Every structure is written in C-alpha cells, then in structure tokens.
Amino acid sequence: MAGRGGPTAAEHLQRILEVDRLIHEPARLLIVALLASVREADFVFLLRETGLTKGNLSSHLARLEQAGYVRIDKGFRGKIPQTVCSLTAEGRSAFKAYRSQMKRTMGGRRT
Amino acid sequence: MEPQIAQAPRRTAGYWYADGLVELGTGLLLVLMAALFALEGLAPAGSLPAAFSALWLPFLLLGGMLLLGLGLRVAKRRLTYPRTGYVAYERTRPVRKVLAGVIGGLVSLSLVLLLASRPEWLTALPAVQGGVVALVWFFLSYRIGVWRLALVGVVSLVAGLAASLAGLSPSIGTAAVFGTTGLASLVSGALVLAHYLRTTSPPAEAE
C-alpha cells in the first residue's frame, strides 16, 4: 500500500532493480560522470582523476565500450601513444536516465 | 567515491586551470589593456596616442582573446596534455556567446550613459570596474571550485576602491585596476605553473 501517495516498498525495490547496473558500479559511474562533462578525454586524464590502476581502468572502459556507452580511439601524439575516450549518444542518454532514476529512487522513498 | 562522482563536472572544468596557463594568458592581456589605458591617460590631450588608444582597445580585446585561445591550445598540447592528460570541452553554444556579448554590451552602455549624465561620478568608475571584474573572477571561482581565482577578484575589488578613493582620472584609474588585476593573475598563474611543473612529469616515449 502506498503511503501518502509515495511508492510502496515493492515499487521502491523494483526501481532499484531497474537501475542500469553497468553504470551503477562505482568506478564505471565515475568514468561516465567524468566523460559526461567533457567532449572527450584521454586515458591519462581518466587514470589520474579516477585513481584506478591502468588494468582496472582498461577493463572498465572495455565493458563500457562493449555496451556502446563509450567510444575509444587509439592513436599517437608524436611518439606517445594516446587513447581518447568519449561518451556516445547512447552513453549520454543512459547516464541521464540513470541519474533521473536514482533521483526518483532516492527522493521518492516514503516510509 | 560518491563525492568524487558529484564533483566530477567541477573537477573536469577546473582541470582547464590546473596548470596556471589561463591565468598567465589572462594576466598578460589585462596588463596590455592597462598599458593602453595608461598611454591614453598620460598622453597630452590632442596627441595621437590619446586620440587613438580608445580605437585600439576593441582590436586588442578581440585579437588578444583570439591569440590567447590559440596560445593556450598550443601550450597545453606541449605542456599539460602529455603530463596530466588531454581533455576537450563541449563547445560553448553560439547563442550563449551572443547572449554574454549582449549582456556585457548593455552593462557597458548603461555605465557610459550613467556617467555621461553624472560626470561627478567619474571618480567612481575604477571602483565599479574593479567590482565588475571581481564579480567575474568570483563567479568563475565558485563555478569551478578553484578558490585562488577569488583572490584575484579580491585584488581587483581593492584596486578599484583604492583608485577611486585616490581620485585618479578615469583612464589612469582603469589602468590601475586592469594592471593590478593582471599582475595578480600573472603571479597566481606563475606560482601554479611552477608547482604544476614540479609535481608532474611527461611520460616516456613509446619504443
């Protein structure tokens, strides 16, 4: 039964279950949040800002790329290898949806 | 991790100022503007510098901002991106640029009209300029969470008030405000750049 028009516990639980788990993972959420506020950023920047190890960051980026959320371009700047990452349109809308879903879930709770 | 996520937009915006290059460039531009106003104020009435300095200002502003943007891109490509990473920001929408220009123009026009109707208020011009410049620095500082920029704003505010209280002529007062703010920006930028270069190192080249 909904209390004062708010969602029931079951509805609340359902909302939590509907959250995009790929983005919900903290490290990936941070990567997506960083990329959402820029047009593109390289691996070195993400490495410093997230504090992840190179291996961890690579694996999280690979998962986001597989899901179509992140685009990764590998190239060279002079003789230095450079990996540039950016959120795809799908990634941006997934992040937007995730944020509004979290707001609803966290803000809409009635006990 | 949660605060990190909430702060992500601010941190990425603040990264543009992490190396002090923006403050160095802006400081240089402000000092050049101050030199132009000082030239106008010190040149004898009717002389060429006094007559033409006002005409040069729009060119200095537009050209300076174009060169500043270009110089920053080159400097960041050589200094910053190899050390702490490359970031490209979303381009400002043309509508927002036009809106900012219109607001800036309206504020300037209102100020000119106000001073034309009340010439006795001319001595307050440096204080008003210092306040407006300080507001820009305060807003920037708040928006991106880089608090040292607010200090430059405080310098601008104090310089404007001091110039007004000293009763300097509008040109010299303006030169004092821009010059002091520019110097504060240059000092801040130089200190940040020195610290940035000391604490970061470029990566090794690929084999």
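Everything in this summary refers to the structure shown in the same document. (Residues numbered from 1 in each chain as written. Chains lettered and ligands numbered in written order. Predicted model: local features only at pLDDT ≥ 70, side-chain atom pairs only at ≥ 80, totals over all residues. Heavy atoms only, no water.)

1. Here we look at the packing of aromatic side chains
All names here are of chain B.
Okay, step 1: A complete count under the given rule lists 4 aromatic pairs over all chains for this structure.
Okay, step 2: Measuring from ring centre to ring centre gives 5.8 Å for Phe37 and Phe178, while their planes differ by 50°; the resulting arrangement is tilted. Here Phe37, found in helix α3 (residues 21–42), pairs with Phe178, found in helix α8 (residues 170–199); they are 141 residues apart in sequence, far enough to count as distant.
Okay, step 3: Phe37 sits in the buried class, given a relative accessible area of 17%.
Okay, step 4: The exposure class assigned to Phe178 is buried, which follows from its relative accessible area of 11%. (Phe/Tyr/Trp six-rings, centres within 6.5 Å; stacked < 30°, edge-to-face > 60°. Helix = DSSP H or I, 4+ residues; strand = E, 2+ residues; numbered from the N terminus. Buried < 20%, exposed > 50% of the residue type's maximum accessible area, 1.4 Å probe, protein only.)

2. Considering the pattern of salt bridges
Side chains that differ in charge, positive against negative, can pair when their charged atoms come close.
Okay, step 1: The tally for this structure, following the rule as stated, stands at 5 salt bridges over all chains.
Okay, step 2: One salt bridge connects Arg71 of chain A with Asp73 of chain A, and the closest N-O pair in it is separated by 3.1 Å.
Okay, step 3: Given a relative accessible area of 48%, Arg71 of chain A falls into the partly exposed group.
Okay, step 4: Look at Asp73 of chain A and you get partly exposed, because its relative accessible area is 30%.
Okay, step 5: Across the pair Arg148 of chain B and Glu23 of chain B runs a salt bridge, and its minimum N-O distance is 2.7 Å. Of the two residues, Arg148 of chain B is situated in helix α7 (residues 148–165) and Glu23 of chain B in helix α3; the sequence distance between them amounts to 125 residues. (Salt bridge = Lys/Arg side-chain N within 4 Å of Asp/Glu carboxyl O.)

3. Some details on the nonpolar core
Okay, step 1: In this structure, Leu35, Leu46, Leu61 and Val70 of chain A are the most contacted members of the largest nonpolar core, which totals 33 residues.
Okay, step 2: At 8 residues, helix α3 (residues 26–36) of chain A tops the list of elements feeding residues into this core.
Okay, step 3: Residues Leu57, Trp137, Ala175 and Val177 of chain B belong to the second largest nonpolar core, which totals 23 residues. (Core = buried A, V, L, I, M, F, W, Y, C linked by side-chain atoms within 4.5 Å.)

4. Some details on α7 of chain B
Residue and element names in this part refer to chain B.
Okay, step 1: Taking 1.5 Å as the rise per residue, α7 with 18 residues should run 26 Å; its terminal C-alpha atoms sit 26 Å apart, in good agreement.
Okay, step 2: Restricting attention to buried positions, one finds in α7 the residues Leu149, Ala150, Val152, Gly153, Ser156, Ala159, Gly160, Ala163 and Ser164.
Okay, step 3: The elements touched by buried residues of α7 are α3, α6 (125–144) and α8. (Expected span 1.5 Å × (residues − 1). Contact = heavy atoms within 4.5 Å.)

5. Some details on the sheet that holds strand β1 (residues 87–88) of chain B
Within a sheet, neighbouring strands are paired by backbone hydrogen bonds and run either parallel or antiparallel to one another.
Okay, step 1: The antiparallel open sheet is built from 4 strands, whose spatial order is β2(A)-β3(A)-β1(A)-β1(B). Because the sheet does not close on itself, it has two edges, and the strands there are β2 (70–77) of chain A together with β1 of chain B.
Okay, step 2: By the bridge criterion, 8 bridges tie β2 of chain A to strand β3 (residues 80–87) of chain A in an arrangement that is antiparallel. Residue Lys74 of chain A lies in a different strand from β3 of chain A, and its bridge partner there is Thr83 of chain A.
Okay, step 3: Sheet strands touched by helix α4 (residues 43–50) of chain A: β1 (40–42) and β3 of chain A together with β1 of chain B. Its angle to β1 of chain A, the strand with the most contacts, is close to 80°. (Pairing = 2+ DSSP bridges. Axes fitted to C-alpha atoms, helices over the stretch in contact; angles between N-to-C directions.)

6. Details of the interface of chain A and chain B
Okay, step 1: Contact with chain A, which involves 25 residues of that partner, is made by 23 residues of chain B.
Okay, step 2: Across the interface of chain A and chain B, roughly 2200 Å² is buried in total on both sides, 62% from carbon and sulfur atoms.
Okay, step 3: Its largest share of buried area at the contact with chain B, chain A owes to Arg39, Phe45 and Arg77 of chain A, together 26% of the area lost on that side.
Okay, step 4: The interface formed by chain A and chain B contains 2 salt bridges.
Okay, step 5: A salt bridge links Arg11 of chain B to Glu49 of chain A; the nearest nitrogen and oxygen atoms lie 2.7 Å apart.
Okay, step 6: Remark: the boundary between chain A and chain B carries 8 residue pairs in polar contact (both at pLDDT 80 or more).
Okay, step 7: When residues of the side of chain A that touches chain B are traced back to their parent elements, those giving at least two are α3, β1, α4, β2 and β3 of chain A.
Okay, step 8: Of the residues forming the side of chain A that touches chain B, the biggest block, 6 residues, is contributed by α3 of chain A. (Buried area = accessible area lost by both parts, 1.4 Å probe. Polar contact = N/O pair within 3.5 Å; in protein donor to acceptor, adjacent residues only side chain to side chain.)

7. Some remarks on the environment of Ala35 of chain B
Okay, step 1: Note on placement: Ala35 of chain B falls in helix α3.
Okay, step 2: Assessed through its relative accessible area of 44%, Ala35 of chain B is described here as partly exposed.

8. Re the environment of Leu52 of chain A
Residue and element names in this part refer to chain A.
Okay, step 1: One can find Leu52 in the loop between α4 and α5 (54–66).
Okay, step 2: For the pair formed by Leu52 and Arg77, sequence separation is 25 residues and the distance between their alpha carbons is 23 Å.
Okay, step 3: Apart from the residues lying within four places of it in its own chain, the contact partners of Leu52 are Ala27, Ile31, Leu47, Leu57 and His60.

9. Things to note about the packing of α3 of chain B against α8 of chain B
Packed helix pairs are specified by the crossing angle of their axes together with the interaxial distance, meaning the distance between the axes.
All names here are of chain B.
Okay, step 1: Where α3 contacts α8, the two axes come as close as 7 Å, and the packing angle between them is 160°. Judged by the inter-axis angle, α3 sits roughly antiparallel to α8. For the pair α3 and α8, the crossing hand works out as left-handed.
Okay, step 2: Its residues assigned to classes, the contact of α3 with α8 shows 17 nonpolar, 11 polar and 2 charged. (Parallel < 35°, antiparallel > 145°, perpendicular 65-115°, else oblique. Left-handed = near helix turned anticlockwise from the far one by under 90°. Nonpolar A, V, L, I, M, F, W, Y, C, P; charged D, E, K, R; others polar.)

10. So, a nonpolar patch on the surface
Residue and element names in this part refer to chain B.
Okay, step 1: On the surface, Val98, Val102, Leu106, Leu109 and Leu113 cluster together into a nonpolar patch covering about 480 Å² of accessible area.
Okay, step 2: The topology assignment puts Leu106 in helix α5 (residues 94–117).
Okay, step 3: Leu106 sits in the exposed class, given a relative accessible area of 52%. (Patch = residues over 30% accessible without salt bridge, like charges linked within 9 Å, V, L, I, M, F, W, Y side chains within 5 Å. Areas by Shrake-Rupley, 256 points an atom, 1.4 Å probe, with all protein chains shown as cover.)

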